[in-house]
Amino acid sequence: MEMDGCGCGSVQKMWFLVCIALAFIVGGRGDPQVPCYFIFGDSLVDNGNNNGIASLARANYLPYGIDYPDGPTGRFSNGRTTVDVIAELLGFEDYVAPYATVNGQDILRGVNYASAAAGIREETGRQLGGRISFRGQVNNYKNTVSQVVDILGDEDSAANYLSRCIYSVGLGSNDYLNNYFMPAYYTTSQQYTPEQYADTLLQDYTEQISTLYNYGARKFVLIGVGQIGCSPNELAQNSQDGKTCVARIDSANQIFNNNLKSLVDQFNSQLPDARFIYINAYGIFQDMINNPARYGYIQSPLILHKMWRSSKRF
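Cut-offs applied
- Residues numbered from 1 in each chain as written.
- Predicted model: local features only at pLDDT ≥ 70, side-chain atom pairs only at ≥ 80, totals over all residues.
- Heavy atoms only, no water.
- Salt bridge = Lys/Arg side-chain N within 4 Å of Asp/Glu carboxyl O.
- Buried < 20%, exposed > 50% of the residue type's maximum accessible area, 1.4 Å probe, protein only.
- Helix = DSSP H or I, 4+ residues; strand = E, 2+ residues; numbered from the N terminus.
- Contact = heavy atoms within 4.5 Å.
- pLDDT = per-residue confidence, 0-100.
- Polar contact = N/O pair within 3.5 Å; in protein donor to acceptor, adjacent residues only side chain to side chain.
- Arc of directions from axis to C-beta.
- Pairing = 2+ DSSP bridges.

Novice: Would you mind showing me how to read the pattern of salt bridges here?
Specialist: Here the idea is simple: oppositely charged side chains can pair when their charged atoms come close. Scanning the entire structure with this criterion turns up seven salt bridges. In this structure, Arg 121 and Glu 123 form a salt bridge, with 2.6 Å as the shortest nitrogen-oxygen distance. Assessed through its relative accessible area of 13%, Arg 121 is described here as buried. Here Arg 218 makes a salt bridge to Asp 273, at a shortest N to O gap of 3.0 Å. Residue Arg 218 is found in the loop between α7 (194-214) and β4 (219-223), and its partner Asp 273 is found in the loop between α9 (247-270) and β5 (275-279); the two are separated by 55 residues along the sequence. You can call Asp 273 partly exposed: its relative accessible area is 44%. Taken together, the shared-partner salt bridges in this structure form one network comprising Glu 122, Arg 135 and Glu 207.

Novice: What is the right way to read the environment of Tyr 161 from this model?
Specialist: Here Tyr 161 lies in helix α4 (residues 155-162). Sequence separation of Tyr 161 and Val 149 is twelve residues, and the distance between their C-alpha atoms is 9.8 Å. Setting aside anything within four residues of it in sequence, one finds Tyr 161 in contact with Pro 35, Cys 36, Leu 108 and Leu 152.

Novice: Could you clarify how one ought to interpret the confidence of the model for the protein chain in this entry?
Specialist: Low pLDDT means the predicted atomic positions in that stretch should not be read closely. With 85% of its residues at a pLDDT of at least 70, the protein chain reaches an overall mean of 88. Every residue in residues 1-13 is under pLDDT 50, and counting partners more than four places away or in other chains gives 39 contacts. Taken together, the stretch residues 303-314 has pLDDT below 50 and engages in 15 contacts with residues farther than four places along the chain or on a different chain.

Novice: Looking at this structure, I do not really get the side chain of Arg 75. What am I missing?
Specialist: Looking at the element boundaries, Arg 75 is found in the loop between β2 (37-41) and α2 (82-89). At a separation of 2.9 Å, a polar atom in the side chain of Arg 75 contacts the side chain of Thr 73. A polar contact of 2.7 Å, which involves the side chain of Arg 75, links it to the side chain of Asp 84. Beyond its immediate sequence surroundings of up to four residues, Arg 75 is in contact with Asp 46, Asn 47, Ala 59, Tyr 64, Tyr 68, Thr 81, Asp 84 and Tyr 95.

Novice: It is not clear to me how α4 should be interpreted in this structure. Could you clarify?
Specialist: The α-helix winds at 3.6 residues per turn, so residues separated by three or four positions along the chain end up facing the same way. Here α4 has its buried residues at Ala 158, Tyr 161 and Leu 162. What you see down the axis of α4 is that its buried residues fit within an arc of 90°, all on one side. Summarising the contacts, the buried residues of α4 are in contact with β2, α3 (134-152) and β3 (166-170). A distance of 3.1 Å separates the backbone nitrogen of Asp 156 from a side-chain oxygen at the start of α4, and that oxygen is part of Asp 154.

Novice: I tried to follow the pairing of β3 on my own but got confused; where do I start?
Specialist: Successive side chains on a regular strand alternate, one facing one side of the sheet and the next facing the other. Extensive coverage of β3 is indicated by the burial of four of its five residues. Direction of pairing for β2 relative to β3: parallel, over a ladder of five bridges. Opposite Phe 38, over in β3, you have Tyr 167 as the bridge partner.

Novice: Whenever I open this one, unusual backbone geometry confuses me. Can you help?
Specialist: Peptide bonds are mostly trans, and most non-glycine residues show a negative phi. In this structure, the amide linkage connecting Leu 62 to the following residue, Pro 63, adopts the cis form with an omega of 10°. Within the fold, Pro 63 resides in the loop between β2 and α2. Although it is not a glycine, Ala 117 adopts a positive phi angle of roughly 80°. Mapped onto the elements of the fold, Ala 117 is located in the loop between α2 and α3. Judged by relative accessible area, which is 5%, Ala 117 ranks as buried.

Following this line, the structure appears as structure tokens:
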């Protein structure tokens, strides 16, 4: 199943439609709709896992969290992240805690393993210091599973419980921004064509998804890479006019996304006891660019990015 970009009245409504897609794989009702929610990703959903490590990719200081009730928490946002909104829409009373601080029976509600600067590849983001790669996040999940077994009493009970949880995976952006398209630090763009690079990324990705499956995961939400060629950093550094998205980056992203969609179909075919959906983050952002008023913007987010670039002083 693919979740495309759509015309919605607000960003929250957009994620409500994502929630509908999640409900498709849940197959039931309740409050909350699922017992637990496990999150794997990067700075888009990190909520504090990088706070205690030596890294430039940290957000536990102002102005991050300026609109969040608890102030700066490690979220790379002024307020909630998308997974916070989804947790609310799924009926959770509180947001999913980061792996760095969660303990005891709280793990039964799920864990957020995301780490800013993390990628599918181990070396991705190393110029920023410490981070927890996809493999590292999956290893942390394996530790969580051991704790779930201890709490519930046996492996069968743990397996049954985990099979009803949602597993959200959103990685790959940094493998382009902080790896492939950063030749001063990485050689991957010299080693691989964009097609070859997408293939090697998805080989590693498949390995980690298979590990999650072997450790009880059955309901997967796999999120594609967004239009990172339109991000403020890329507009500032690589766009000729500061407002036109960088085509070579977005083109490479689309190769990855198209292959990921095919991988979702493959997983659904080969693993009939599991459910996989694909979230088209690229299409969602494209709709925001084309129809800004639908999302509460007066003008296109790209214009706002240009204003940000013009006002940047350092």
